[in-house]
Amino acid sequence: MAQKAQRLKPILAYPNRAIAQLYLQINQQLALLKRIKAVLPKELADHTLHCVLNNKKLLVYTDSANWASQLRFHGKTMLNAIEPATLTPTSTIQIKIINATATTNVKPKTVIPSKTVAYEIHNQSLITTDPQVKHALDKLSTTLARLAGQEITKP
């Protein structure tokens with residue numbers, strides 16, 4: 001008779017004090033966020049993303065500067081809402097903005113003009129009389145042609 005392969009326990013299945021402490025902190029932050037969202041208008045609550053209680057300061061995270069300015073008007077309301085759930089009195093609130101594009105390292109895509117554009121710039125450099133402009137247009141057309149994968153033949 002064939003034996004069943006014994007499955008490995010996931011790492012989180014073993015008792016671990018550090019992970020338990022992290023789970024406790026996460027659950028406390030979620031409970032505070034729930035209290036804060038309950039006292040805010042619906043539109044504002046939808047844009048309140050996270051909150052962290054650090055000593056006597058409440059940090060509230062939102063997704064844009066517009067919502068951050070609106071949240072500042074409700075600062076006292078938010079502090080009053082979390083007061084029963086905290087051990088130490090919270091005296092200040094700080095609103096922070098989480099920008100999705102700032103957190104990821106996304107580089108904007110470079111748009112390289114076509115070979116036709118490089119050729120037209122090169123033609124302009126041939127008919128220009130000013131030597132500085134002629135030199136600048138010639139260098140630009142050479143660079144664009146190289147980036148587009150074509151060499152411009154010079155007379």
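Residues numbered from 1 in each chain as written. Predicted model: local features only at pLDDT ≥ 70, side-chain atom pairs only at ≥ 80, totals over all residues. Heavy atoms only, no water.

A. Broad picture of the side chain of Thr90. You can see Thr90 is positioned in the loop between helix 4 (75–82) and strand 3 (92–97). Judged by relative accessible area, which is 17%, Thr90 ranks as buried. When neighbours within four sequence positions are excluded, Thr90 is seen to be in contact with Leu53, Lys56, Lys57, Leu58, Leu79 and Ile82. (Helix = DSSP H or I, 4+ residues; strand = E, 2+ residues; numbered from the N terminus. Buried < 20%, exposed > 50% of the residue type's maximum accessible area, 1.4 Å probe, protein only. Contact = heavy atoms within 4.5 Å.)

B. Expanded view of the pairing of strand 1 (residues 48–54). Here strand 1 runs beside strand 2 (residues 57–62); their pairing, made up of six bridges, is antiparallel. The residue bridging Leu53 from the neighbouring strand is Leu58, located in strand 2. Connecting the antiparallel pair strand 1 and strand 2 is a turn made up of two residues, with Asn55 showing a positive phi of about 55°. (Pairing = 2+ DSSP bridges.)

C. Here's a closer look at the sheet that holds strand 2. The strand order across the open sheet formed by three strands is 1-2-3, and the pairing between neighbours is mixed. A strand with exactly one partner marks an edge of an open sheet, and here the two such strands are strand 1 and strand 3. Between one strand axis and the next, the sheet turns by 20° as a mean value, whatever way the strands run. Strands strand 1, strand 2 and strand 3 of the sheet are contacted by helix 3 (residues 65–73), whose axis makes an angle of about 170° with strand 3. The strands touched by helix 4 within the sheet are strand 1, strand 2 and strand 3, with strand 3 carrying the most contacts at an inclination of about 115°. (Axes fitted to C-alpha atoms, helices over the stretch in contact; angles between N-to-C directions.)

D. Region of interest: the layout of surface pockets. Computed from the structure, the largest pocket encloses a volume of approximately 330 Å³. Around the largest pocket, the lining residues are Gln25, Gln28, Gln29, Ala31, Leu32, Val52, Leu53, Asn55, Ala85, Thr86, Leu87 and Thr88. Broken down by secondary-structure element, the contributors of at least two residues to the lining of the largest pocket are helix 1 (17–39) and strand 1. By residue class, the composition of the lining of the largest pocket is six nonpolar, six polar and no charged. (1 Å grid on protein atoms, 1.4 Å probe; cavity = no way out; pocket = protein on both sides within 12 Å on 5 of 7 lines; lining within 4 Å. Points joined across faces, edges and corners; volume = space filled by probe spheres on them. Nonpolar A, V, L, I, M, F, W, Y, C, P; charged D, E, K, R; others polar.)

E. Structural view of the pattern of salt bridges. Taken as a whole, this structure holds one salt bridge when the rule is applied. Between Asp46 and Lys42 there is a salt bridge, with the nearest N and O atoms lying 3.2 Å from each other. Of this pair, Asp46 and Lys42 both sit in helix 2 (residues 42–46), four residues apart, which is roughly one turn of that helix. A residue is classified by how much of its surface remains accessible, and Asp46, at 46% relative accessible area, is partly exposed. Given the relative accessible area of 60%, Lys42 is considered exposed. (Salt bridge = Lys/Arg side-chain N within 4 Å of Asp/Glu carboxyl O.)

F. Molecular detail of helix 7 (residues 131–148). Spanning 18 residues, helix 7 covers 25 Å between terminal C-alpha atoms, matching the ideal 26 Å at 1.5 Å per step. Of the positions making up helix 7, those classed as buried are Ser141, Leu144 and Ala145. Projection of helix 7 onto a plane perpendicular to its axis shows the buried side chains occupying an angular sector of 100°, all on one side. Exposed residues on helix 7 whose side chains face more than 90 degrees from its buried face are Pro131, Gln132, His135, Lys139 and Arg146. Contacts made by the buried residues of helix 7 are with helix 6 (115–127). Looking one or two residues beyond helix 7, the residue adopting positive phi is Gly149, at roughly 90°. (Expected span 1.5 Å × (residues − 1). Arc of directions from axis to C-beta.)

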